[in-house]
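# Topology and contacts: notes
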Amino acid sequence: MSTVEVQHVAKTFIDHLPVLQVVIPLISAPLIVFIGNRKLAWLLAMAASATAFVMACLLLAQVKDGSYISYHIGGWAPPLGIEYRIDALNALVLMLISGIGTIVLPYAYNSVNAEIPKRHHTLFYALYMLCLTGLLGMVSTGDAFNVFVFLEISSLSTYVLVAMGAGKDTRALTAAYDYLIMGTIGATFFVIGLGLLYMATGTLNMADIADRIAEQGTNRTVQAAFAFIVVGMGLKAAMYPLHHWLPNAYTYAPSAVTAFLAATATKAAIYVLLRFMFSVFNPGFHFEDWTLYLIFIPFSLLAMFAASFVAVFQSDLKRMLAFSSIAQIGYMLIGIAMLNATGLSASIVHMVNHGITKATLFLGVGAMVMYSKTSFFDNLNGLGRKMPFTGAAMVAAGLSLIGIPGTAGFISKWVLVQAAFENGWWFIAVAIMLSSLLAVVYVWRMFEVLYLTAPDEGCTATDPPLPMLIPMLILAGACIWFGFDTELTLGSARVAAEGLLAGSAGMAH
Amino acid sequence: MDTSTALYLTMLIPTVAMAGNMVFAARENLRDGITFICAVLTFACVLVILCNVGNGTTGTFALFEVVSGLSIAFHVEPLGLMFAMIASGLWIITHIYGVGYMRGNNEQHHARFFACFSIAIAAVMGIAFASNMFTLFVFYEILTLSTYPLVAHKGTPEAVKGARTYLGILIGTSIVLLLTGVIWTFNVAGTLDFTKGGILEGKIAPTLLPILLGLYAFGIGKAALMPFHRWLPAAMVAPTPVSALLHAVAVVKAGVFTMLKVGIYIFGIDFLASTGASEWLMWLAAYTIIAASVVAMTKDNLKARLAYSTVSQLSYITLGMALATSMGALGGGMHIAMHAMGKITLFMCAGSIYVAYHKTEISQMQGLGRIMPITFGAFFIGALSIIGLPPLGGSWPKFLLMLGAADAGHLIIIVVLMASSLLNIAYLLPIVGRGFFRPVTDNKLPKTYAEAPLLVWLPPAITAAGCIILFFYAGSIQNFLAPIVENTP
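Residues numbered from 1 in each chain as written. Chains lettered and ligands numbered in written order. Predicted model: local features only at pLDDT ≥ 70, side-chain atom pairs only at ≥ 80, totals over all residues.

### Here's the deal with the overall build of chain B
Across its full length, chain B carries 18 helices and two strands. For 489 residues, the compact-globule estimate of 2.2 N^0.38 gives 23 Å, and the C-alpha radius of gyration of chain B, at 21 Å, lies within 12% of that figure. Each principal axis of the C-alpha distribution contributes one length, and for chain B these read about 70 × 55 × 40 Å. Put simply, chain B has 489 residues, and 63% of those count as buried. (Helix = DSSP H or I, 4+ residues; strand = E, 2+ residues; numbered from the N terminus. Rg over C-alpha atoms; globule rule 2.2 N^0.38 Å. Buried ≥ 20, exposed ≤ 12 C-beta atoms within 10 Å, placed from the backbone.)

### Describing the overall build of chain A
Assigned secondary structure in chain A consists of 19 helices and two strands. The C-alpha radius of gyration computed for chain A amounts to 22 Å, which stays within 12% of the reference 23 Å derived for 509 residues, consistent with globular compactness. Dimensions of chain A, computed from C-alpha atoms along their principal axes, come out at roughly 75 × 55 × 40 Å. For chain A, contacts bridging at least 24 residues in sequence account for 80% of all contacts bridging at least 6. (Contact = placed C-beta atoms within 7 Å.)

### Focus on helix α7 (residues 206–216) of chain A
All names here are of chain A. Among the residues of α7, Met206, Ala207, Asp208, Ile209, Ala210, Asp211 and Ile213 are the ones counted as buried. If you follow the buried residues of α7, they end up packed against α5 (144–163), α6 (171–201), α8 (220–236) and α10 (255–280). Glycine 217 sits one or two residues past α7 and shows a positive phi near 75°.

### Quick notes on the environment of isoleucine 353 of chain B
Residues and elements named next belong to chain B. Within the secondary structure layout, isoleucine 353 lies in helix α13 (residues 326–357). Judged by the 27 C-beta atoms lying within 10 Å of it, isoleucine 353 is buried. Setting aside chain neighbours within four positions, we find isoleucine 353 in contact with Lys359, Met365, Leu368, Met372 and Thr375.

### A word on the environment of histidine 410 of chain B
Residues and elements named next belong to chain B. Note on placement: histidine 410 falls in the loop between α16 (395–408) and α17 (411–437). In this structure the C-alpha to C-alpha distance between histidine 410 and leucine 323, which are 87 residues apart in sequence, comes to 8.6 Å. Contact partners of histidine 410, with chain neighbours within four places excluded, come to Met282 and Ala405.

### Some details on the domain arrangement of chain B
Residues and elements named next belong to chain B. If you check the domain split of chain B, you get domain 1 (1–260) and domain 2 (278–489). Between the C-alpha centres of domain 1 and domain 2 there is a distance of 21 Å. In this complex, domain 1 contributes 46 residues to the contact, which on the side of domain 2 involves 45 residues. Put simply, the parts of the chain that give the side of domain 1 that touches domain 2 at least two residues each are α3 (78–104), α7 (209–219), α8 (231–234) and α9 (240–267). Residues belonging to the side of domain 1 that touches domain 2 are distributed by class as follows: 31 nonpolar, twelve polar and three charged. (Domains from an automatic or database assignment. Nonpolar A, V, L, I, M, F, W, Y, C, P; charged D, E, K, R; others polar.)

### What to know about helix α12 (residues 317–337) of chain A
In an α-helix there are 3.6 residues to a turn, and that puts residues three or four apart on one side. Residue and element names in this part refer to chain A. Taking 1.5 Å per residue, 21 residues should reach 30 Å; α12 reaches 31 Å between its end C-alpha atoms and fits that length. Counted residue by residue, α12 has 20 buried out of 21 residues, so it is predominantly covered. A positive phi of about 55° marks leucine 339, the residue just after α12. (Expected span 1.5 Å × (residues − 1).)

### Some points on the interface of chain A and chain B
Each side of the interface is counted separately: chain A has 22 residues, and chain B has 22 residues. Among the secondary structure elements, those contributing two or more residues to the side of chain A that touches chain B are α16 (408–422) and α17 (426–452) of chain A. For the side of chain A that touches chain B, the element with the most residues is α17 of chain A, which contributes ten residues. Tallied by class, the residues present in the side of chain A that touches chain B amount to 16 nonpolar, four polar and two charged.

### Some details on the nonpolar core
With 416 residues, the main nonpolar core has Leu92 and Val162 of chain A together with Ala87, Val124 and Ile127 of chain B as its most contacted residues. Counting residues domain by domain, this core receives three or more from each of domain 1 (1–260) and domain 2 (278–489) of chain B. Beyond its immediate sequence surroundings of up to four residues, valine 124 of chain B is in contact with Ala87, Leu143, Ala250 and Ala254 of chain B. (Core = buried A, V, L, I, M, F, W, Y, C linked by C-beta atoms within 7 Å.)

### Concerning the packing of helix α2 (residues 28–53) of chain B against helix α4 (residues 110–129) of chain B
Residue and element names in this part refer to chain B. The interhelical angle for the contact between α2 and α4, taken along N-to-C directions, is 10°, at an axis separation of 11 Å. Regarding the angle of α2 to α4, the classification is roughly parallel. The segment α2 lies against α4, with Glu28, Arg31, Thr35 and Thr42 engaging His110, Ala111, Phe114, Ser118 and Ile121. Of the residues contributing to the contact of α2 with α4, the split by class is three nonpolar, four polar and two charged. (Axes fitted to C-alpha atoms, helices over the stretch in contact; angles between N-to-C directions. Parallel < 35°, antiparallel > 145°, perpendicular 65-115°, else oblique.)

### Things to note about the packing of α3 of chain B against α4 of chain B
Residue and element names in this part refer to chain B. Between α3 and α4, the least distance of the axes is 9 Å, while the angle of their chain directions is 170°. The orientation of α3 with respect to α4, classified from their angle, is roughly antiparallel. Here Gly80, Phe83, Ala84, Ala87, Trp91 and Met102 of α3 lie close against α4, whose contacting residues are His110, Phe113, Ile121, Val124, Met125, Ala128 and Phe129. Considered class by class, the residues forming the contact of α3 with α4 number eleven nonpolar, two polar and no charged.

### Brief notes about the pairing of strand β2 (residues 83–86) of chain A
Walk down a regular strand and you will see the side chains alternate between the two sheet faces. Residues and elements named next belong to chain A. Residue alternation in β2 divides its side chains into two sets, Glu83 and Arg85 and Tyr84 and Ile86, and both sets are buried. As defined by bridge partners, strand β1 (residues 69–72) adjoins β2 across four bridges and the pair is classed as antiparallel. The partner of serine 70 across the bridge, within β2, is arginine 85. (Pairing = 2+ DSSP bridges.)

### Comments concerning unusual backbone geometry
Of note, the amide linkage connecting tyrosine 240 of chain A to proline 241 of chain A takes the cis form, showing an omega dihedral of 0°. Methionine 226 of chain B connects to proline 227 of chain B through a cis peptide bond whose omega is 5°. Relative to the helices and strands, proline 227 of chain B is located in the loop between α7 and α8. Residues other than glycine seldom take positive phi values, yet leucine 339 of chain A does so here, at roughly 55°. Relative to the assigned elements, leucine 339 of chain A resides in the loop between α12 and α13 (341–372).

### Some details on the confidence of the model for chain B
All names here are of chain B. Per-residue pLDDT for chain B averages 85, and the proportion of residues at 70 or more is 99%. Considering each helix and strand of chain B separately, the mean pLDDT is smallest for helix α14 (residues 368–371), with a value of 80, and largest for helix α5 (residues 133–151), with 90. At the level of chain-chain contacts, confidence expressed as ipTM amounts to 0.85, with global pTM at 0.89. (pLDDT = per-residue confidence, 0-100.)

### Here's the deal with the environment of glycine 404 of chain B
Residue and element names in this part refer to chain B. Along the chain, glycine 404 turns up in helix α16. Since 27 C-beta atoms lie within 10 Å of it, glycine 404 is described here as buried. Spatially, the C-alpha atoms of glycine 404 and glycine 328 are 4.3 Å apart, while their sequence positions differ by 76 residues. Those residues in contact with glycine 404, other than ones at most four positions away along the chain, are Gly320, Leu323, Thr325, Met327, Gly328 and Gly331.

Laid out in structure tokens, this is it:
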């Protein structure tokens with residue numbers, strides 16, 4: 001171990017940002033429970049997550065040039081102390097998570113009133129904040145075991161959040177139970193992987209593990225650790241064919257929860273995958289290349305086609321969008337498997353773009369469900385015409401989901417196909433394009449139901465109140481905005497991809 | 001006004017028209033008046049550009065960069081300027097016609113209709129002035145999406161089905177084939193800027209060139225090259241003003257315009273000629289010309305017949321590009337203008353017949369010419385122009401294309417072009433003959449002169465006159481377009 005000059009670097013408020021943005025939501029959760037007042041609870045949650053969002057923006061501004069911030073918790077130097085390490089990659093993901101978390105909250109206030117029994121409201125906000133804490137923590141920490149701790153915080157709170165959909169449809173309970181079982185298996189695999197890594201290297205600090213692995217080279221323990229971590233995180237990321245928990249969880253969870261989870265939870269898991277594959281393990285290892293080529297590519301292709309195909313035949317809009325998410329995760333994973341800077345930046349930028357897109361769509365569906373009570377296509381006839389702004393937001397996001405030029409989704413697709421051509425993988429390029437045809441089919445099905453069928457007789461649906469409408473419109477605007485101005489998204493993603501490809505060197509002290 | 005301002009205004013003004021339609025949805029005279037003024041202003045802006053630039057080429061006006069190396073950027077060059085002039089000029093006429101048609105026919109949702117129409121025009125302007133393939137692609141897709149509600153306008157099951165075919169083929173081809181081709185081009189050439197002489201020479205293996213060309217040729221689904229032509233007849237469920245402007249001028253011409261742009265500025269005519277990469281495309285275009293004409297003869301529905309005629313005529317332009325000679329490219333470019341004028345006349349006449357007597361099938365139009373002489377007269381002139389007989393505009397591009405075919409040494413193509421003219425006669429003139437010379441069979445029809453409303457019959461009369469005038473100005477158009485192939489022997 002190299003000797004590090006130990007000094008307490010954090011002196012100003014700005015220096016403490018890496019930990020504050022996790023701690024503030026964390027503290028807000030018990031406070032909300034103590035307060036017990038629904039309105040104050042919401043206000044506190046809103047304040048805490050907005051603060052976290054501002055902090056994430058400040059962090060990204062600091063590291064966007066490719067540098068990184070290493071924060072030592074309590075001044076204990078790593079590898080003994082816990083380190084938080086922020087670079088362009090996780091700052092971008094942090095911004096996505098806290099941004100979506102914040103923007104969904106105003107929407108949640110009304111939506112929760114409609115969907116969840118009153119006595120659970122404060123608990124809802126507390127769990128929401130815990131979930132946010134977990135996701136933020138898992139993304140910002142540089143300590144492998146800490147990832148597991150935060151993963152569990154976010155997962156456990158997610159199970160309860162999903163189950164809260166039971167007020168509307170009791171199938172939420174089985175969905176949550178399914179997710180609980182699957183999620184626990186995933187987390188267990190992950191922690192077994194960590195155990196093996198600890199066995200092989202004797203340390204839990206990611207950068208330190210990376211150094212040790214680089215020194216000792218590959219051996220069976222390291223390989224086994226890699227396998228466990230990939231499968232465990234793959235499960236949390238709903239990597240095909242480990243996606244079984246996702247459709248039900250997304251369909252039956254309360255609308256606000258679905259929007260929040262769809263945009264953030266799987267993305268955080270993919271972030272952890274990226275971090276381990278590139279910064280902890282080294283892509284130079286043969287077993288890692290094989291994993292990417294022989295497992296990621298075929299399964300991603302399967303996800304892109306099979307999940308999209310299944311989505312086409314869904315009779316429930318939320319479920320359709322859930323299957324579409326599984327397909328979109330295929331795009332992200334195939335970008336990783338391309339193992340070049342362009343492909344990685346495509347994956348990273350797609351995490352953000354798809355997060356925004358899906359959040360918009362789920363918020364839109366949620367607003368319609370307020371009126372129609374179910375998200376079956378049959379009950380949504382002509383609602384786009386009755387709810388013009390909601391409909392417009394969903395059209396913008398739907399186009400982004402297909403990847404029509406002028407939307408965020410197009411940028412991801414462009415970069416992804418470009419990466420495929422850089423590798424000379426023209427068949428992958430063609431496959432990506434063909435699978436987006438399936439997206440055209442299912443998105444257009446939604447448009448036809450919303451606009452081209454006649455609304456039911458005496459349909460009284462109107463646009464939801466402003467607190468619900470504005471988040472939707474902001475996100476829909478973002479879908480368009482990031483289709484033209486890619487400086488923030490693609491710019492950061494490129495810096496992040498460079499950092500990842502620098503491998504464990506990027507993590508070195 | 002400087003050129004860049006005028007250029008942005010050509011896209012901005014139709015957008016204003018769209019907003020005007022949405023805001024004043026309920027006040028129809030105000031709304032249609034605003035759109036009319038916007039249409040005139042748009043045309044005026046194009047004329048300003050024409051006065052400033054003539055047939056020169058301007059530098060690039062980059063709006064902003066989306067991804068490094070890819071900008072939304074515009075420039076003016078002769079082919080695009082001509083296309084912009086046609087589209088904006090005919091927008092004025094079609095708008096007048098559209099107002100007459102929509103009111104005379106009691107169609108619903110006027111505001112939505114004219115709003116989408118305006119956006120489509122803005123998209124066409126973007127296509128016409130795009131200075132790189134990326135910008136063009138963005139506006140190409142906007143055009144597809146903005147015309148979808150127009151095709152589905154009636155909301156009937158057939159309209160929805162037709163619109164689905166329309167969208168499926170256009171989006172499908174553009175995403176799977178065109179976008180792949182564009183990204184591939186960007187990958188090998190490192191740029192997508194339209195450059196005289198092409199950007200691909202020496203960058204790509206000659207064996208791969210026909211494949212890349214295929215991605216473009218089929219990917220540009222709006223050019224309706226067989227087998228991706230089905231959307232055009234399917235889109236005929238739309239109200240006639242849509243068919244008139246969009247499917248005779250804007251949408252299909254955007255397709256073949258893109259085809260020419262790609263041939264001239266991405267591949268380069270010389271490069272195509274020296275590698276022979278486009279020869280297969282030439283034969284396919286020739287096949288489409290003949291096959292679509294044959295199909296047209298079997299159609300009794302007037303609009304369907306005109307749709308297949310369009311499929312056939314569009315391939316003239318694709319053929320002009322694929323011949324890879326300067327005469328061919330010029331002929332193709334000129335055919336954009338001539339065919340637009342002729343076909344819009346035919347479509348507006350079809351709409352006029354529908355508004356006045358709700359006839360859609362040719363077999364029901366016995367003797368109608370004597371009741372609606374202006375409509376049928378205009379139809380006759382338009383038909384002659386499509387056939388390519390002097391003294392009508394349509395004769396020149398065919399002449400140039402034949403010269404181009406002779407230059408390229410493909411005499412069979414000349415035979416194809418002649419055969420196509422004969423087929424055009426066979427499917428277009430009987431309609432006129434039926435109208436004027438057969439006895440009236442439908443007793444409900446009036447016995448004497450009874451035209452469609454003024455706003456409906458006047459526009460086709462104007463464009464029919466345009467077909468005649470263009471015959472005499474073909475030389476100026478040719479000179480105007482000459483710079484696009486100047487460096488080509």
